[in-house]
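# Analysis of the macromolecular model
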There are 2 protein chains.
Amino acid sequence: MTDPNVERKLVEIMRIINESDKPLGARLIADELHNRGYAIGERAVRYHLRILDERGFTKKHGYIGRTITERGKKELNDALISDRFGFVITKIEELIYKADYDLETGKGNVIVNITNIDKDDFDNATDIIKYAMDHGATISPRVGILEEDTDLDIYVPDGKVAIATVCSITFDGLLLNNGIPVVPVFGGVMQMEDYSPAGFLDLISYSGTSIDPIKIFLRRKATSILEAIDTGNGKMLANVRQIPVSAATRAEELLNIASKHDITGHLTIGEPGEDVLYAPIERGKIGIPVMVGINSVAAVEEAGIKVDTHPVSAVMEYSKMKKL
Amino acid sequence: MTDPNVERKLVEIMRIINESDKPLGARLIADELHNRGYAIGERAVRYHLRILDERGFTKKHGYIGRTITERGKKELNDALISDRFGFVITKIEELIYKADYDLETGKGNVIVNITNIDKDDFDNATDIIKYAMDHGATISPRVGILEEDTDLDIYVPDGKVAIATVCSITFDGLLLNNGIPVVPVFGGVMQMEDYSPAGFLDLISYSGTSIDPIKIFLRRKATSILEAIDTGNGKMLANVRQIPVSAATRAEELLNIASKHDITGHLTIGEPGEDVLYAPIERGKIGIPVMVGINSVAAVEEAGIKVDTHPVSAVMEYSKMKKL
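It should be emphasised that the depicted structure is a prediction, and the values quoted were computed from it without experimental measurement.

So, on to the sheet that holds strand S4 (residues 142–146) of chain B. Residues and elements named next belong to chain B. Spatial ordering of the open sheet is given by S10-S3-S5-S4-S11, a layout of five strands whose pairing is antiparallel. The strands lining the two open edges of the sheet, one partner per strand, are strand S10 (307–317) and strand S11 (322–323). Bridge count for strand S3 (residues 109–118) against S10 is eight bridges, and the pairing is antiparallel. Paired with Val110 across the two strands is Met316, which belongs to S10.

In structure tokens form, the structure reads like this:
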């Protein structure tokens, strides 16, 4: 039992096979994994299936697919709690660790959100995303555009195009890479007044939840991004991280350097131990609120275009991402 | 500045008046408070308005309603963060403190959820609620039925009937009243298999969120209560509280006594420091999962009847609540 990330996927694949009453192939498993929030492609599923076969947990029946073995069923029952469901903070911390974006060169992995859009809606959707990004609603104006099989690690369903937007958790990655201990604390709904953030209206902690707070607000249709851009007053999504007070100056320098390569969008740097835009911050820490990349796709949904968004999904090479 | 509960309502009322471009009367303010999750009636609003007038924060203009004064606007800006938004745990702890239900006599206040139902849907809805309660989906089979002005503290909109269901947080109130320190930790989605709880599929922590976890799951339509009752397999909502290990025996006694007056529905009592149905529990504590009262009204929504539910809303005299 090695990489917990791999183990989690193995358990999820076994659950899917176990729940089916007939043998399942890699494509169907990839579809179902995707429904459950795992953004991995068909080829990666095949890789995981080979591991399961080797361990004797699944059995291949020619081309019709796999079934679970008795040994696999037992293993599934014994699976770790952390495989039963993952607290979202665990997944976020894994991605923070994987993000190796270099501030000076502008190269390396950033953390991205993945949004699947019907091919027919693609042009309209990107117009709105560009509009939101041009008006500073997101951490970066760059996107990655993925079609089926563009990236083996990121699954794009048939008939869809995926847009990768830079996730605000990328800030946490670049702070960590520069030696600053950082913890994402809250996702929330930010009230905008006269084109400025006036304060959080709702907050959900990143710790102790198995559903991403930003996804919760997205699902609740809690935003009015387009209104906020047009009139200055509306609701956007933002999140907050904490860093030690002593790292404040260094963090500010880093955030300034980051803006060279279009990574911006932090709203303010809080005062030591003080609430920042009404988000409570621990003693000895300062809070940094950042506009989330999801705002751009929330605007697409506000315009009545149906999309399917997975926040904090994967990492992607930033130098390959472009402005719309 | 006295009772924080009153202060919070005062601030919310000032915000509502401030956001309006014309004077507002008590009825409109009560409607809007209700939309914002404050279950207080028109008469209670009048009481709060008199306090605001006395403090010089609002001004009455004969029968057309109130406006906010300059002093009121300043006060609103200075309002405490906890008045900006309340973390749900604060509201829950207030209600736990107010619940004075006596296990032996079966009298005293329990904590209730309030669900507003169109008068036309009332008969169908209560049939389903009874069905869910008869099948053990809730902490108690008793309900309170409220029409407009039945209870001055609980607001019932025009054309609606409100049903009060016993909230699972009532358990926390009765443990606390008997000297057991108790903390509600998670709300979650429970997988039922063969008519038994198999484990949580999702969890959201009660601390650090301004939106009730159970409300989040309700809004996500995460349940399949009717299926769980009919086939034994489905998803219900449950929550978990922690108590010190040393209080386990006493808690078990209390829960047995509670069942005398139809308060049941706890699923199990966990082992010291061990996860209970996959919910993580701190060292030195035990976890007690309980089916939430909301399951009965979630079933109503599954049947396609539109209702409006406010979990953990108010307290109500238990001896006045009846089985359907």
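A word on the side chain of Gln242 of chain B. Residue and element names in this part refer to chain B. With respect to the element layout, Gln242 can be found in strand S8 (residues 234–244). On the basis of relative accessibility, which here comes to 5%, the residue Gln242 falls in the buried class. Of note is the side chain of Gln242, whose polar atom sits 3.0 Å from the backbone nitrogen of Glu282. Not counting chain neighbours up to four residues away, the residues in contact with Gln242 comprise Pro181, Val182, Val183, Val185, Pro280, Ile281, Glu282, Lys285 and Ile286.

Here the focus is empty space enclosed by the protein. Tallied over the entire structure, the rule returns two cavities of 30 Å³ or more. Counted as a void, the largest cavity has a volume near 50 Å³. If you go around the largest cavity, you meet 13 residues; those closest to its centre are Asn113, Cys167, Ser168, Ile214 and Val312 of chain A. Across the lining of the largest cavity, the residue classes break down as eight nonpolar, four polar and one charged. Empty space within the second largest cavity amounts to approximately 40 Å³. Along the walls of the second largest cavity sit Asn113, Cys167, Ser168, Ile169, Tyr206, Asp212, Ile214, Asn239, Val292, Ile294, Pro311 and Val312 of chain B, which together make up its complete lining. Across the lining of the second largest cavity, the residue classes tally to eight nonpolar, three polar and one charged.

Glancing now at helix H8 (residues 169–177) of chain B. Residues and elements named next belong to chain B. When you tally the buried positions in H8, you get seven out of nine residues, the bulk of the element. All of the buried residues in H8 are Ile169, Thr170, Phe171, Asp172, Gly173, Leu174 and Leu175. Gly179 sits one or two residues past H8 and shows a positive phi near 85 degrees.

What follows is about the UniProt feature "domain: Ribonuclease R winged-helix" (unreviewed entry) in chain A. Mapped onto the present numbering, the UniProt feature "domain: Ribonuclease R winged-helix" (unreviewed entry) falls on residues 11–76 of chain A. Helix makes up 59% of residues 11–76 of chain A and strand 12%, whereas the separation of the span's terminal C-alpha atoms amounts to 7 Å.

We now examine the environment of Leu76 of chain A. Residue and element names in this part refer to chain A. Turning to its location among the elements, Leu76 is positioned in helix H4 (residues 70–78). By relative accessible area, which is 15% here, Leu76 ends up buried. The spacing of Leu76 and Ile257 is 181 residues in sequence and 47 Å in space, taken between C-alpha atoms. In this structure Leu76 touches Val11, Met14, Arg15, Asn18 and Ile68, once residues within four positions along its chain are discounted.

One frequently used descriptor of interface size is the decrease in accessible area upon assembly of the parts. Listed per partner, the contact involves 29 residues of chain A and 29 residues of chain B. Buried surface at the junction of chain A and chain B, summed over both partners, amounts to about 2500 Å²; 56% is from carbon and sulfur atoms. Our count for the chain A to chain B interface comes out at zero salt bridges. Here chain A is connected to chain B by eight residue pairs in polar contact (both at pLDDT 80 or more). Of all the elements in the fold, those that place two or more residues in the side of chain A that touches chain B are helix H5 (81–84), strand S6 (183–193), strand S7 (196–205) and helix H9 (213–219) of chain A. The dominant element in the side of chain A that touches chain B, judged by the number of residues it contributes, is S7 of chain A, at eight residues. Grouping the constituent residues of the side of chain A that touches chain B by class yields 14 nonpolar, eight polar and seven charged.

Conventions and cut-offs
Residues numbered from 1 in each chain as written. Chains lettered and ligands numbered in written order. Predicted model: local features only at pLDDT ≥ 70, side-chain atom pairs only at ≥ 80, totals over all residues. Heavy atoms only, no water. Pairing = 2+ DSSP bridges. Helix = DSSP H or I, 4+ residues; strand = E, 2+ residues; numbered from the N terminus. Buried < 20%, exposed > 50% of the residue type's maximum accessible area, 1.4 Å probe, protein only. Polar contact = N/O pair within 3.5 Å; in protein donor to acceptor, adjacent residues only side chain to side chain. Contact = heavy atoms within 4.5 Å. 1 Å grid on protein atoms, 1.4 Å probe; cavity = no way out; pocket = protein on both sides within 12 Å on 5 of 7 lines; lining within 4 Å. Points joined across faces, edges and corners; volume = space filled by probe spheres on them. Nonpolar A, V, L, I, M, F, W, Y, C, P; charged D, E, K, R; others polar. UniProt positions renumbered as here; feature names shortened; annotations may be inferred. Buried area = accessible area lost by both parts, 1.4 Å probe. Salt bridge = Lys/Arg side-chain N within 4 Å of Asp/Glu carboxyl O.

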